[in-house]
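So you can see what is in the structure, the chains are spelled out below.
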Amino acid sequence: MASEGKPASFEGKVALVTGAARGIGKEIALTLARRGATVVIGDIDVDGAIKVAEELKGEGLLADAIGLDMGNVADIRAKVGEVYRRHGQIDILVNNAGICPTTPIEEIQEEEWDKVLDVNLKGVFFLCQAVMPKMKERRYGKIINTSSVEGRRGALVAG
Ligand SMILES: NC(=O)c1ccc[n+]([C@@H]2O[C@H](COP(=O)([O-])OP(=O)(O)OC[C@H]3O[C@@H](n4cnc5c(N)ncnc54)[C@H](O)[C@@H]3O)[C@@H](O)[C@H]2O)c1
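Treat the numbers as computed from the prediction; the structure is a model and nothing was measured.

A.B. asks: Hey, could you go over the packing of helix 3 (residues 73–87) against helix 4 (residues 110–138) for me, with residue numbers and the actual values?
C.D. replies: For the pair helix 3 and helix 4, the least separation of the axes is 9 Å and the interaxial angle reads 35 degrees. Regarding helix 3 and helix 4, the two cross each other, and that crossing is right-handed. Of the residues in helix 4, those in contact with Val73, Ile76, Arg77, Val80 and Tyr84 of helix 3 are Lys122, Gly123, Phe126, Leu127, Gln129, Ala130, Val131 and Lys134.

A.B. asks: I'd like to hear about the site of the ligand, residue by residue, with values.
C.D. replies: Arg22, Ile24, Asp43, Met70 and Asn96 are the nearest of the 20 residues found near the ligand. Within the backbone of leucine 68, an N or O atom sits 3.2 Å from a nitrogen atom of the ligand. Here the ligand loses 72% of its free accessible area of 830 Å² to cover by the protein chains. Here the shell around the ligand is built from residues that sort into eight nonpolar, eight polar and four charged.

A.B. asks: Now, about the pairing of strand 4 (residues 92–95): what can you tell me, with residues and values included?
C.D. replies: Of the two faces of strand 4, both are covered, the one formed by Ile92 and Val94 as well as the one formed by Leu93 and Asn95. Summarising the sheet, strand 1 (residues 14–18) and strand 4 pair through three bridges and their orientation is parallel. Along strand 4, the bridge assignment pairs alanine 15 with isoleucine 92. With four bridges connecting them, strand 4 and strand 5 (residues 142–145) associate as parallel partners. Its bridge partner being in strand 5, asparagine 95 is matched across the sheet by asparagine 145. Following the chain from strand 4 across helix 4 to the adjacent parallel strand 5, one finds a crossover that is right-handed.

Thresholds, definitions, all that
- Residues numbered from 1 in each chain as written.
- Predicted model: local features only at pLDDT ≥ 70, side-chain atom pairs only at ≥ 80, totals over all residues.
- Heavy atoms only, no water.
- Axes fitted to C-alpha atoms, helices over the stretch in contact; angles between N-to-C directions.
- Helix = DSSP H or I, 4+ residues; strand = E, 2+ residues; numbered from the N terminus.
- Left-handed = near helix turned anticlockwise from the far one by under 90°.
- Contact = heavy atoms within 4.5 Å.
- Near = heavy atom within 4 Å.
- Polar contact = N/O pair within 3.5 Å; in protein donor to acceptor, adjacent residues only side chain to side chain.
- Areas by Shrake-Rupley, 256 points an atom, 1.4 Å probe, with all protein chains shown as cover.
- Nonpolar A, V, L, I, M, F, W, Y, C, P; charged D, E, K, R; others polar.
- Buried < 20%, exposed > 50% of the residue type's maximum accessible area, 1.4 Å probe, protein only.
- Pairing = 2+ DSSP bridges.
- Right-handed = clockwise from strand over helix to strand, strands pointing away.

Here you go:
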């Protein structure tokens, strides 16, 4: 926890941020790295992830990139193993990657339904599961899951 008026330091911590090749995830990664963490940019857009990691390193920050498909449990498990091999630990997991198609209810196909649940729900569960054993062993770990108001109510799409 940050003491009053002083931002928290993440020095010595390793943070895996999913969906950090752009948008909110990128900003989270930047903030953690600027406060001392080694940040692993995990994204299905591997080129984007590498670009962000390079940007961070250009600022003198500690960063790495890894291709990660949150819609594929085998890939999640393999990439968590790879992060442990490269960095030894994961102290902070930010489950930020998510997809939010705006297809009208009447037109949603089973494939799209499955993809949304795979990436936004199943992948998050199995990524948490993959990092938990070492967090429990070390008695330290922070997991932050991004949600959305879209989980509480439908979106109104013009058209
Ligand atoms: N932007 C908003 O207003 C808003 C509002 C509520 C919730 N959210 C949620 O916040 C998160 C980030 O939002 P954003 O606007 O920055 O999103 P974004 O679409 O700009 O970025 C999402 C990132 O996730 C990556 N990604 C997509 N599928 C992936 C997969 N299968 N595996 C790994 N990475 C994958 C993309 O490549 C991209 O880099 C999302 O989960 C989103 O649903 C955003």
